[in-house]
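Residue-level structure breakdown
Each chain, written out:
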Amino acid sequence: MHDFAYHRPRSSAEAVQLLARSQPGARYFAGGTTLFDLMKLGVEAPATVIDIGRVEGLREIDASDRAELRIGALAAMSDVAEHPVVQREFTALSESLWKAASQQLRNMASVGGNLLQRTRCAYFRGGPEFACNKRVPGSGCAALAGVNRGHAVLGGSEACVAVYPGDWAVALAAFDAQVDTLSPRGERAVAVRELHRAPGATPHLETVLAADELIVRIRVPRTPAGRASTYHKIRDRESYAFALASAAVGLHLRANRVVDARIALGGVATHPWRALEAERSLVGRPFTQAAARRAAEIAFAQAKPLEHNGFKVALGIETVTDALMLARDRS
Ligand SMILES: Cc1cc2nc3c(=O)[nH]c(=O)nc-3n(C[C@H](O)[C@H](O)[C@H](O)COP(=O)(O)OP(=O)(O)OC[C@H]3O[C@@H](n4cnc5c(N)ncnc54)[C@H](O)[C@@H]3O)c2cc1C
Ligand code: SF4
């Protein structure tokens, strides 16, 4: 690994100032489970690493507010997954964390760092011999004509078809979560649904955050649909594997009529994918298995499969249908 400068600030304000004063390419470091991986692979080579692990006030999980849950960006994935209020009232969020990575990783990794993990596309991580627009803008995309079984069927472009790999952001997007950030320009809130960019012609630009912007907390509104929710994840192995297809789903039913429906997709799209049309097809109507299936088909109506990943459309439709039936049972 290359040499780099290392700082360990004690406050958010100090962290932000340190990063703003550093050379371009400096990075925050929370659990390090993504960043150090990418540094060892040579995908990232920051000249400065700012370790935010000792920053005070970023680990709290505050469930005291009646309107929303507040989670510090440094809270460990495992602590959030195990929190009784998260399990009871934000079930899909808890499940999205339980079904991610391994117990060791969940103990080490932060929920803020999880949001900013980068794609697992093998060409992106594989080294300079592979063309990759995300890694070297303008160099091409080896996945388009290569092995693309794990790649996206939704949201891809001619420049990049890499899947956004995370689970947590998919669940957060379904329930209209926001992230609060701090930078030298002050604080702002960003909807998780708008945090990740579609690749378009610039796949190297992955989020709407500025390089010096620190995520300080995540806020999730309390909703009846959040209580009757699930995160359904299909993968090659039952644990310790990324999603081939996943769905974060929540339902609010009154006398079996749908008052509110939430559907977000993972493992199939270039960014956490909210299926708004599919949600609209359910709202105001009686909930039936046929309606669930129709909503799932609508969610994949715009899918554009590649040579090796056509199976994701059928798998995704089954995943969403099953998730909706699970959420119905919980409502
Ligand atoms: C083998 C393996 C399997 C995995 N499986 C899954 C899986 O199935 N599902 C899943 O969702 N994830 C999975 N992951 C990813 C894992 O969950 C992430 O690596 C982890 O959540 C990242 O958190 P971290 O705190 O370690 O982030 P870091 O590695 O410290 O940081 C990640 C990125 O976020 C930035 N960053 C960190 N914190 C902040 C902040 N507060 N503000 C601004 N920027 C910040 C860093 O600069 C860096 O760019 C897996 C990882 C591994 C290694
Ligand atoms: S899919 Fe994206 S990340 Fe993968 S090789 Fe193509 S440009 Fe790179």
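Residues numbered from 1 in each chain as written. Chains lettered and ligands numbered in written order. Predicted model: local features only at pLDDT ≥ 70, side-chain atom pairs only at ≥ 80, totals over all residues. Heavy atoms only, no water.

Here we take up the overall build of the protein chain. What the protein chain contains, in helices and strands, is 14 helices and twelve strands. Each of the three principal axes of the protein chain carries a C-alpha extent, and together these read 60 × 50 × 35 Å. The proportion of buried residues among the 331 residues of the protein chain is 55%. For the protein chain, the share of sequence-separated contacts (at least 6 apart) that also reach a separation of at least 24 residues comes to 65%. When the accessible surface of the protein chain is totalled, it reaches about 14400 Å², and 51% of it is carbon and sulfur. Side-chain charges of the protein chain comprise 41 positive and 34 negative groups, with the mean position of each set lying 2 Å from the other. (Helix = DSSP H or I, 4+ residues; strand = E, 2+ residues; numbered from the N terminus. Buried < 20%, exposed > 50% of the residue type's maximum accessible area, 1.4 Å probe, protein only. Contact = heavy atoms within 4.5 Å. Areas by Shrake-Rupley, 256 points an atom, 1.4 Å probe, with all protein chains shown as cover. Lys, Arg positive; Asp, Glu negative; His and termini not counted. Charge placed at Lys NZ, Arg CZ, Asp CG, Glu CD.)

In this section: the pattern of salt bridges. Under the criterion given, the structure shown has 28 salt bridges. Between Glu89 and Arg88 there is a salt bridge, with its nearest N and O atoms 3.8 Å apart. The partner of Arg293 in a salt bridge is Glu297, and the shortest N-O contact between them spans 3.3 Å. In this pair, Arg293 and Glu297 are both assigned in helix H13 (residues 289-299), four residues apart and thus about one turn of the helix distant. Residue Arg293 is classed as partly exposed on the basis of its relative accessible area, which comes to 32%. By sharing partners, the salt bridges in this structure join Asp65, Glu68, Arg70, Asp180, Arg217 and Arg219 into a single network. (Salt bridge = Lys/Arg side-chain N within 4 Å of Asp/Glu carboxyl O.)

Most of strand S6 (residues 178-183) is tucked away: five of the six residues are buried. The antiparallel hairpin formed by S6 and strand S7 (residues 186-191) contains two residues in its connecting segment. Inspection of the sheet shows S6 paired to strand S8 (residues 214-221) by five bridges, in the antiparallel sense. When the bridges of S8 are listed, Val179 appears paired with Ile218. (Pairing = 2+ DSSP bridges.)

Domain boundaries assigned for the protein chain yield domain 1 (5-52) and domain 2 (224-330). One C-alpha centre belongs to domain 1, the other to domain 2; they are set 36 Å apart. (Domains from an automatic or database assignment.)

Here we come to the site of ligand 1. Ligand 1 sits among 31 residues. The nearest are Tyr28, Thr33, Thr34, Ser110 and Asp167. Take Tyr28: an N or O atom from its main chain is 2.5 Å from an oxygen atom of ligand 1. Measuring from an oxygen atom of ligand 1, one finds a backbone N or O atom of Ala30 at 2.7 Å. Across the complex, the protein chains shield 93% of the 980 Å² of accessible surface that ligand 1 would expose by itself. Elements with a minimum of two residues in the shell around ligand 1: strand S2 (27-29), helix H2 (35-41), helix H7 (111-115) and S8. In terms of residue count, S2 provides more of the shell around ligand 1 than any other element does, three residues in total. Class assignment for the residues of the shell around ligand 1 results in 17 nonpolar, nine polar and five charged. Residue assignment places the shell around ligand 1 across two domains, with domain 1 (5-52) and domain 2 (224-330) each supplying three or more. (Near = heavy atom within 4 Å. Polar contact = N/O pair within 3.5 Å; in protein donor to acceptor, adjacent residues only side chain to side chain. Nonpolar A, V, L, I, M, F, W, Y, C, P; charged D, E, K, R; others polar.)

The next subject is the packing of H13 against helix H14 (residues 311-330). Axes are the key here: two packed helices are described by the angle between their axes and the distance separating the axes. The contact between H13 and H14 brings their axes to 8 Å, and the two run at 140°. Our classification of the angle between H13 and H14 gives oblique. Considering the relative orientation of H13 and H14, their crossing is right-handed. Residues Gln289, Ala292, Arg293, Ala295, Ala296 and Glu297 of H13 form the contact with H14, whose own contacting residues are Ile317, Glu318, Val320, Thr321, Leu324 and Met325. Here the residues of the contact of H13 with H14 are counted per class, giving seven nonpolar, two polar and three charged. (Axes fitted to C-alpha atoms, helices over the stretch in contact; angles between N-to-C directions. Parallel < 35°, antiparallel > 145°, perpendicular 65-115°, else oblique. Left-handed = near helix turned anticlockwise from the far one by under 90°.)

Residue placement: Phe311 occurs in helix H14. Between the C-alpha atoms of Phe311 and Val249, which are 62 residues apart in sequence, the distance is 21 Å. Excluding its chain neighbours within four sequence positions, the residues that come into contact with Phe311 are Arg149 and Leu244.

Bringing the sheet that holds strand S5 (residues 68-72) into the picture now. The strand order across the open sheet built from five strands is S4-S5-S8-S6-S7, with neighbouring strands paired in antiparallel fashion. Of all the strands in the sheet, the pair left with one neighbour each is strand S4 (61-62) and S7. Relative to S8, S5 runs antiparallel, the two sharing five bridges. Pairing of Ile71 across the sheet is with Ile218, part of S8.

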